[in-house]
Amino acid sequence: MNSLERVKAALERRVPDRVPYFESVIDEKVMQALLPGCDYYQFNEWIGLDNVSQNRSSWRRDGVEFIDAERGLFRDKWGVIRALGPEVVPAPVEGPIKRPEDLKTLTPPDPEAPDVLGHLPELVARYKGKKAISVICRDAFFEAAFLRGTAQFLMDMVDNPRLAHELIEITLSYNVRVIERQVAAGADVVILGDDYADKHSTLMSPAHFKQFILPGLKRCVDAAHRAGAYVIKHTDGNIMGIIDMIIDTGIDALNPLEPQAGMDIALIKQRYGDRVALVGNIDCGYLLCQAPVEEVRRVTRWTLEVASRGGGFMLSSSNSIHSSVRPENYMAMIETLRLWNGG
(Lines give C-alpha, C1' and ligand atoms only; values in the text may rest on other atoms or scores of the structure.)
Protein backbone atom coordinates (compact mmCIF):
# COMPACT_ATOMS: atom_id res chain seq x y z
CA MET A 1 0.00 0.00 0.00
CA ASN A 2 1.07 3.57 -0.51
CA SER A 3 0.21 6.19 2.09
CA LEU A 4 -3.15 7.15 0.60
CA GLU A 5 -4.26 3.53 0.37
CA ARG A 6 -3.11 2.95 3.95
CA VAL A 7 -5.11 5.92 5.29
CA LYS A 8 -8.19 4.88 3.31
CA ALA A 9 -7.98 1.36 4.73
CA ALA A 10 -7.79 2.70 8.28
CA LEU A 11 -10.67 5.13 7.75
CA GLU A 12 -12.78 2.31 6.33
CA ARG A 13 -11.97 0.26 9.47
CA ARG A 14 -9.95 -2.23 7.48
CA VAL A 15 -6.47 -3.53 8.35
CA PRO A 16 -3.75 -1.65 6.42
CA ASP A 17 -0.32 -3.08 5.70
CA ARG A 18 0.97 -1.04 8.64
CA VAL A 19 -0.42 1.45 11.13
CA PRO A 20 -0.52 4.87 9.45
CA TYR A 21 0.91 8.00 11.02
CA PHE A 22 -1.44 10.99 10.67
CA GLU A 23 -0.74 14.52 11.91
CA SER A 24 -2.31 17.83 10.93
CA VAL A 25 0.06 20.41 12.43
CA ILE A 26 3.77 20.17 13.25
CA ASP A 27 5.44 23.26 14.65
CA GLU A 28 8.32 24.76 12.66
CA LYS A 29 10.52 24.84 15.77
CA VAL A 30 10.24 21.06 16.21
CA MET A 31 10.85 20.39 12.54
CA GLN A 32 13.97 22.52 12.48
CA ALA A 33 15.33 20.90 15.65
CA LEU A 34 15.09 17.48 14.06
CA LEU A 35 15.90 18.28 10.42
CA PRO A 36 17.67 21.66 10.23
CA GLY A 37 17.01 23.66 7.08
CA CYS A 38 14.04 21.56 6.00
CA ASP A 39 10.73 22.73 4.62
CA TYR A 40 7.43 21.07 5.52
CA TYR A 41 7.51 18.74 2.51
CA GLN A 42 11.01 17.49 3.28
CA PHE A 43 10.11 16.93 6.91
CA ASN A 44 6.87 15.16 5.98
CA GLU A 45 8.80 12.64 3.87
CA TRP A 46 11.57 12.23 6.43
CA ILE A 47 9.31 11.62 9.42
CA GLY A 48 7.09 9.22 7.46
CA LEU A 49 3.70 10.88 7.51
CA ASP A 50 0.92 9.16 5.60
CA ASN A 51 -1.01 12.40 5.18
CA VAL A 52 0.03 15.81 3.97
CA SER A 53 -1.65 18.93 5.33
CA GLN A 54 -1.63 22.69 5.01
CA ASN A 55 0.22 22.50 8.36
CA ARG A 56 -1.90 25.23 9.89
CA SER A 57 -5.41 25.77 11.10
CA SER A 58 -8.12 27.22 8.87
CA TRP A 59 -6.95 30.86 8.95
CA ARG A 60 -4.17 32.87 7.36
CA ARG A 61 -1.57 35.13 8.97
CA ASP A 62 -0.48 36.90 5.82
CA GLY A 63 -2.37 40.06 4.99
CA VAL A 64 -4.02 40.27 8.41
CA GLU A 65 -5.65 43.51 9.51
CA PHE A 66 -3.63 44.51 12.58
CA ILE A 67 -5.38 46.73 15.09
CA ASP A 68 -2.45 46.62 17.55
CA ALA A 69 0.69 45.21 15.96
CA GLU A 70 2.73 45.59 19.15
CA ARG A 71 0.35 43.31 21.04
CA GLY A 72 -0.19 41.05 18.03
CA LEU A 73 -3.89 41.87 17.83
CA PHE A 74 -5.59 41.63 14.46
CA ARG A 75 -9.05 41.29 13.02
CA ASP A 76 -9.79 38.06 11.16
CA LYS A 77 -12.04 37.61 8.13
CA TRP A 78 -15.14 37.34 10.37
CA GLY A 79 -14.27 40.53 12.27
CA VAL A 80 -13.13 38.65 15.38
CA ILE A 81 -10.17 40.21 17.20
CA ARG A 82 -7.44 37.60 17.73
CA ALA A 83 -4.05 37.61 19.41
CA LEU A 84 -0.99 36.09 17.77
CA GLY A 85 0.96 33.82 20.08
CA PRO A 86 3.60 31.11 19.97
CA GLU A 87 1.25 28.44 18.62
CA VAL A 88 -0.40 27.99 15.24
CA VAL A 89 -3.86 29.17 16.19
CA PRO A 90 -4.24 32.78 17.41
CA ALA A 91 -6.54 33.09 20.39
CA PRO A 92 -9.90 34.82 19.88
CA VAL A 93 -10.13 37.88 22.13
CA GLU A 94 -13.32 39.72 21.21
CA GLY A 95 -16.24 39.10 18.86
CA PRO A 96 -18.03 41.76 16.82
CA ILE A 97 -21.60 40.74 17.71
CA LYS A 98 -22.23 42.64 20.95
CA ARG A 99 -26.00 42.86 20.47
CA PRO A 100 -28.47 40.99 18.25
CA GLU A 101 -28.77 44.17 16.14
CA ASP A 102 -25.11 43.79 15.14
CA LEU A 103 -26.06 40.87 12.91
CA LYS A 104 -27.50 43.42 10.46
CA THR A 105 -24.05 44.84 9.79
CA LEU A 106 -22.14 41.54 9.77
CA THR A 107 -20.60 40.78 6.38
CA PRO A 108 -19.58 37.12 6.22
CA PRO A 109 -16.41 36.30 4.30
CA ASP A 110 -16.73 35.10 0.73
CA PRO A 111 -16.45 31.29 0.48
CA GLU A 112 -15.61 31.69 -3.22
CA ALA A 113 -12.54 33.84 -2.48
CA PRO A 114 -9.25 32.46 -3.90
CA ASP A 115 -7.52 32.42 -0.50
CA VAL A 116 -10.02 29.86 0.82
CA LEU A 117 -7.95 27.14 -0.84
CA GLY A 118 -4.62 28.48 0.41
CA HIS A 119 -1.83 26.28 -0.86
CA LEU A 120 -4.08 23.24 -1.22
CA PRO A 121 -3.49 23.22 -5.01
CA GLU A 122 0.24 22.82 -4.34
CA LEU A 123 -0.41 19.85 -2.04
CA VAL A 124 -2.62 18.28 -4.69
CA ALA A 125 -0.03 18.78 -7.43
CA ARG A 126 2.66 17.13 -5.31
CA TYR A 127 0.80 14.33 -3.55
CA LYS A 128 -2.57 13.49 -5.14
CA GLY A 129 -2.91 9.73 -5.22
CA LYS A 130 0.22 9.25 -3.11
CA LYS A 131 -0.58 10.63 0.35
CA ALA A 132 -3.88 11.49 1.97
CA ILE A 133 -4.40 15.22 1.52
CA SER A 134 -6.08 16.61 4.64
CA VAL A 135 -7.63 19.99 5.37
CA ILE A 136 -8.94 21.48 8.61
CA CYS A 137 -12.42 22.95 8.33
CA ARG A 138 -15.00 24.28 10.78
CA ASP A 139 -18.46 22.99 11.58
CA ALA A 140 -21.22 24.49 13.73
CA PHE A 141 -19.59 25.80 16.91
CA PHE A 142 -16.31 27.71 16.76
CA GLU A 143 -17.12 30.46 14.25
CA ALA A 144 -20.48 31.26 15.83
CA ALA A 145 -19.02 31.19 19.35
CA PHE A 146 -16.13 33.47 18.44
CA LEU A 147 -18.44 36.01 16.79
CA ARG A 148 -20.32 36.44 20.04
CA GLY A 149 -17.63 35.44 22.55
CA THR A 150 -17.70 31.81 23.66
CA ALA A 151 -19.10 32.37 27.15
CA GLN A 152 -21.83 34.69 25.86
CA PHE A 153 -22.69 32.31 23.01
CA LEU A 154 -23.13 29.44 25.46
CA MET A 155 -25.44 31.64 27.53
CA ASP A 156 -27.34 32.56 24.36
CA MET A 157 -28.30 28.89 23.97
CA VAL A 158 -30.40 29.41 27.11
CA ASP A 159 -31.28 33.10 27.07
CA ASN A 160 -31.43 33.92 23.36
CA PRO A 161 -31.74 30.69 21.34
CA ARG A 162 -32.91 32.51 18.24
CA LEU A 163 -29.68 34.51 18.07
CA ALA A 164 -27.61 31.37 18.63
CA HIS A 165 -29.37 29.61 15.76
CA GLU A 166 -28.95 32.64 13.48
CA LEU A 167 -25.22 32.81 14.17
CA ILE A 168 -24.83 29.11 13.48
CA GLU A 169 -26.75 29.35 10.23
CA ILE A 170 -24.68 32.30 8.99
CA THR A 171 -21.40 30.55 9.71
CA LEU A 172 -22.57 27.17 8.43
CA SER A 173 -23.48 28.65 5.06
CA TYR A 174 -19.84 29.65 4.72
CA ASN A 175 -18.32 26.50 6.20
CA VAL A 176 -20.30 24.04 4.08
CA ARG A 177 -19.31 25.82 0.87
CA VAL A 178 -15.65 25.90 1.93
CA ILE A 179 -15.76 22.14 2.52
CA GLU A 180 -17.24 21.60 -0.93
CA ARG A 181 -14.60 23.74 -2.60
CA GLN A 182 -11.69 22.14 -0.81
CA VAL A 183 -12.80 18.62 -1.66
CA ALA A 184 -13.41 19.65 -5.27
CA ALA A 185 -9.86 21.02 -5.31
CA GLY A 186 -8.46 17.64 -4.25
CA ALA A 187 -8.70 17.17 -0.48
CA ASP A 188 -9.12 13.52 0.48
CA VAL A 189 -9.83 14.01 4.20
CA VAL A 190 -11.81 16.80 5.84
CA ILE A 191 -11.01 17.35 9.50
CA LEU A 192 -13.82 19.17 11.31
CA GLY A 193 -11.83 20.95 13.98
CA ASP A 194 -14.30 22.56 16.39
CA ASP A 195 -13.69 21.61 20.05
CA TYR A 196 -16.81 20.89 22.12
CA ALA A 197 -15.30 20.15 25.52
CA ASP A 198 -12.65 20.85 28.12
CA LYS A 199 -10.86 18.26 30.21
CA HIS A 200 -13.88 17.72 32.46
CA SER A 201 -16.95 17.70 30.23
CA THR A 202 -18.62 19.27 27.23
CA LEU A 203 -18.90 23.07 27.19
CA MET A 204 -22.65 22.81 26.73
CA SER A 205 -25.14 20.24 27.99
CA PRO A 206 -25.80 17.20 25.79
CA ALA A 207 -29.32 18.54 25.25
CA HIS A 208 -28.00 21.89 24.01
CA PHE A 209 -25.42 20.12 21.84
CA LYS A 210 -28.21 18.10 20.25
CA GLN A 211 -30.37 21.17 19.68
CA PHE A 212 -27.80 23.67 18.45
CA ILE A 213 -24.59 21.98 17.25
CA LEU A 214 -25.47 18.48 16.10
CA PRO A 215 -27.64 19.43 13.08
CA GLY A 216 -24.87 21.66 11.69
CA LEU A 217 -22.21 19.03 12.31
CA LYS A 218 -24.35 16.54 10.40
CA ARG A 219 -24.68 19.00 7.49
CA CYS A 220 -20.89 19.37 7.30
CA VAL A 221 -20.32 15.61 7.44
CA ASP A 222 -22.87 15.04 4.71
CA ALA A 223 -21.42 17.82 2.55
CA ALA A 224 -17.93 16.34 2.74
CA HIS A 225 -19.20 12.84 1.96
CA ARG A 226 -21.28 14.04 -0.99
CA ALA A 227 -18.21 15.81 -2.35
CA GLY A 228 -16.19 12.59 -2.07
CA ALA A 229 -14.03 13.00 1.04
CA TYR A 230 -13.62 11.13 4.30
CA VAL A 231 -14.43 12.96 7.53
CA ILE A 232 -12.43 13.00 10.76
CA LYS A 233 -14.17 14.75 13.63
CA HIS A 234 -11.59 16.42 15.87
CA THR A 235 -12.58 17.68 19.28
CA ASP A 236 -10.43 18.05 22.36
CA GLY A 237 -11.74 17.34 25.82
CA ASN A 238 -14.01 14.81 27.45
CA ILE A 239 -16.81 14.13 24.98
CA MET A 240 -18.19 10.93 26.50
CA GLY A 241 -21.53 12.66 27.12
CA ILE A 242 -22.04 13.30 23.40
CA ILE A 243 -19.85 10.68 21.71
CA ASP A 244 -22.78 8.58 20.50
CA MET A 245 -24.39 11.59 18.83
CA ILE A 246 -21.12 12.53 17.14
CA ILE A 247 -20.58 9.02 15.78
CA ASP A 248 -24.20 8.83 14.60
CA THR A 249 -23.53 11.70 12.17
CA GLY A 250 -21.62 9.20 10.01
CA ILE A 251 -18.09 10.46 10.59
CA ASP A 252 -15.37 8.10 9.42
CA ALA A 253 -13.01 8.70 12.34
CA LEU A 254 -12.78 10.36 15.72
CA ASN A 255 -9.75 12.36 16.87
CA PRO A 256 -7.82 13.00 19.11
CA LEU A 257 -9.35 11.19 22.14
CA GLU A 258 -7.44 13.35 24.59
CA PRO A 259 -6.02 11.08 27.32
CA GLN A 260 -5.57 13.92 29.81
CA ALA A 261 -9.33 14.49 29.57
CA GLY A 262 -10.10 10.91 30.51
CA MET A 263 -10.67 9.65 26.97
CA ASP A 264 -9.69 5.98 27.36
CA ILE A 265 -8.79 4.78 23.87
CA ALA A 266 -8.98 1.11 24.89
CA LEU A 267 -12.53 1.56 26.16
CA ILE A 268 -13.57 3.59 23.12
CA LYS A 269 -12.06 0.99 20.78
CA GLN A 270 -14.02 -1.73 22.56
CA ARG A 271 -17.31 0.18 22.50
CA TYR A 272 -17.14 1.96 19.16
CA GLY A 273 -14.40 0.36 17.06
CA ASP A 274 -16.96 -1.38 14.85
CA ARG A 275 -18.59 1.98 14.01
CA VAL A 276 -15.78 4.50 13.69
CA ALA A 277 -12.03 4.61 13.12
CA LEU A 278 -9.82 6.17 15.78
CA VAL A 279 -7.01 8.69 15.23
CA GLY A 280 -4.88 9.45 18.26
CA ASN A 281 -4.02 9.74 21.04
CA ILE A 282 -0.44 10.25 22.24
CA ASP A 283 -0.59 12.98 24.89
CA CYS A 284 1.05 16.15 23.55
CA GLY A 285 1.00 17.70 27.02
CA TYR A 286 3.02 16.06 29.75
CA LEU A 287 4.01 12.96 27.77
CA LEU A 288 5.54 14.60 24.69
CA CYS A 289 6.74 17.70 26.53
CA GLN A 290 8.13 16.47 29.85
CA ALA A 291 8.07 12.70 30.29
CA PRO A 292 11.15 10.47 30.12
CA VAL A 293 11.70 9.03 26.67
CA GLU A 294 11.09 5.47 27.88
CA GLU A 295 7.66 6.50 29.16
CA VAL A 296 6.82 7.84 25.70
CA ARG A 297 7.84 4.51 24.20
CA ARG A 298 5.83 2.53 26.73
CA VAL A 299 2.65 4.58 26.28
CA THR A 300 2.97 4.51 22.48
CA ARG A 301 3.39 0.72 22.48
CA TRP A 302 0.36 0.32 24.74
CA THR A 303 -1.72 2.61 22.53
CA LEU A 304 -0.77 0.66 19.41
CA GLU A 305 -1.56 -2.62 21.13
CA VAL A 306 -5.06 -1.68 22.27
CA ALA A 307 -6.13 0.57 19.39
CA SER A 308 -4.72 -1.06 16.24
CA ARG A 309 -6.26 -4.50 16.72
CA GLY A 310 -8.50 -5.26 13.78
CA GLY A 311 -7.52 -2.10 11.92
CA GLY A 312 -9.36 1.19 11.95
CA PHE A 313 -6.60 3.12 13.69
CA MET A 314 -4.02 5.80 12.87
CA LEU A 315 -1.43 6.98 15.34
CA SER A 316 -1.41 10.70 16.07
CA SER A 317 -0.77 13.18 18.85
CA SER A 318 -3.60 14.26 21.14
CA ASN A 319 -3.81 17.60 19.33
CA SER A 320 -0.70 18.62 17.40
CA ILE A 321 3.08 18.62 17.54
CA HIS A 322 3.20 22.09 19.04
CA SER A 323 6.18 24.27 19.92
CA SER A 324 6.65 22.86 23.44
CA VAL A 325 6.98 19.24 22.31
CA ARG A 326 10.47 17.91 23.04
CA PRO A 327 12.03 16.69 19.78
CA GLU A 328 13.48 13.59 21.49
CA ASN A 329 10.06 12.63 22.84
CA TYR A 330 8.48 13.11 19.45
CA MET A 331 11.12 10.86 17.89
CA ALA A 332 10.53 8.25 20.60
CA MET A 333 6.88 8.12 19.50
CA ILE A 334 7.86 7.82 15.84
CA GLU A 335 10.55 5.21 16.43
CA THR A 336 8.14 3.11 18.47
CA LEU A 337 5.65 3.22 15.61
CA ARG A 338 8.35 2.21 13.14
CA LEU A 339 9.35 -0.76 15.29
CA TRP A 340 5.69 -1.77 15.67
CA ASN A 341 5.35 -1.67 11.89
CA GLY A 342 8.41 -3.88 11.46
CA GLY A 343 11.14 -1.27 11.15
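Before reading further, recall that the structure is shown in the block above.
The rules behind these values
- Residues numbered from 1 in each chain as written.
- Predicted model: local features only at pLDDT ≥ 70, side-chain atom pairs only at ≥ 80, totals over all residues.
- Heavy atoms only, no water.
- Phe/Tyr/Trp six-rings, centres within 6.5 Å; stacked < 30°, edge-to-face > 60°.
- Helix = DSSP H or I, 4+ residues; strand = E, 2+ residues; numbered from the N terminus.
- Buried < 20%, exposed > 50% of the residue type's maximum accessible area, 1.4 Å probe, protein only.
- Pairing = 2+ DSSP bridges.
- Core = buried A, V, L, I, M, F, W, Y, C linked by side-chain atoms within 4.5 Å.
- Contact = heavy atoms within 4.5 Å.
- Arc of directions from axis to C-beta.
- Polar contact = N/O pair within 3.5 Å; in protein donor to acceptor, adjacent residues only side chain to side chain.

Novice: I'm lost on the packing of aromatic side chains in this one. Help?
Specialist: Each aromatic ring pair is described using two quantities: the centre-to-centre distance and the angle formed by the ring planes. Per the stated rule, a full pass over the model turns up 11 aromatic pairs. Consider the rings of F142 and F146, whose centres lie 4.9 Å apart with planes at 25 degrees: the pair is stacked. Of this pair, F142 and F146 both sit in helix α5 (residues 142–148), 4 residues apart, which is roughly one turn of that helix. F146 carries the same exposure label as F142, and that label is buried.

Novice: Would you mind showing me how to read the pairing of strand β6 (residues 132–137) here?
Specialist: On a regular strand, one side chain projects to one face of the sheet and the next to the other, so that they alternate. Across the 6 residues that make up β6, a large majority, 6, are buried. Residues A132, S134 and I136 line one face of β6 and the alternating positions I133, V135 and C137 line the opposite face, and both faces are buried. The pairing of strand β1 (residues 51–53) with β6 spans 3 bridges and is classified as parallel. Residue pairing in the sheet places V52 in a bridge with I133 of β6. Looking at chain direction, β6 and strand β7 (residues 189–192) are connected through 4 bridges and run parallel. In the sheet register, C137 faces β7, and the bridge partner there is L192.

Novice: What's the story with the nonpolar core in this structure? I'm lost.
Specialist: Looking at soluble globular proteins, one finds that nonpolar side chains tend to be buried together. Counting residues in each nonpolar core, the largest one holds 100 residues, and the members touching the most others are F209, I213 and Y330. Excluding anything up to four places from it in sequence, Y330 contacts Y21, I26, V30, L34, F43, I47, L288, I321 and V325. The next biggest cluster of nonpolar side chains, apart from the first, holds 16 residues, and it includes A10, L11, V189 and V279.

Novice: Just to check I follow, could you spell out helix α10 (residues 265–272) for this structure?
Specialist: Of the residues making up α10, those classed as buried are I265, I268, K269 and Y272. Projection of α10 onto a plane perpendicular to its axis shows the buried side chains occupying an angular sector of 100 degrees, all on one side. Each element contacted by the buried residues of α10 is listed here: α9 (243–248), β10 (277–282), α12 (293–307) and β11 (313–317). With a side-chain oxygen lying 3.0 Å from the backbone nitrogen of A266, the N-terminal cap of α10 falls on D264.

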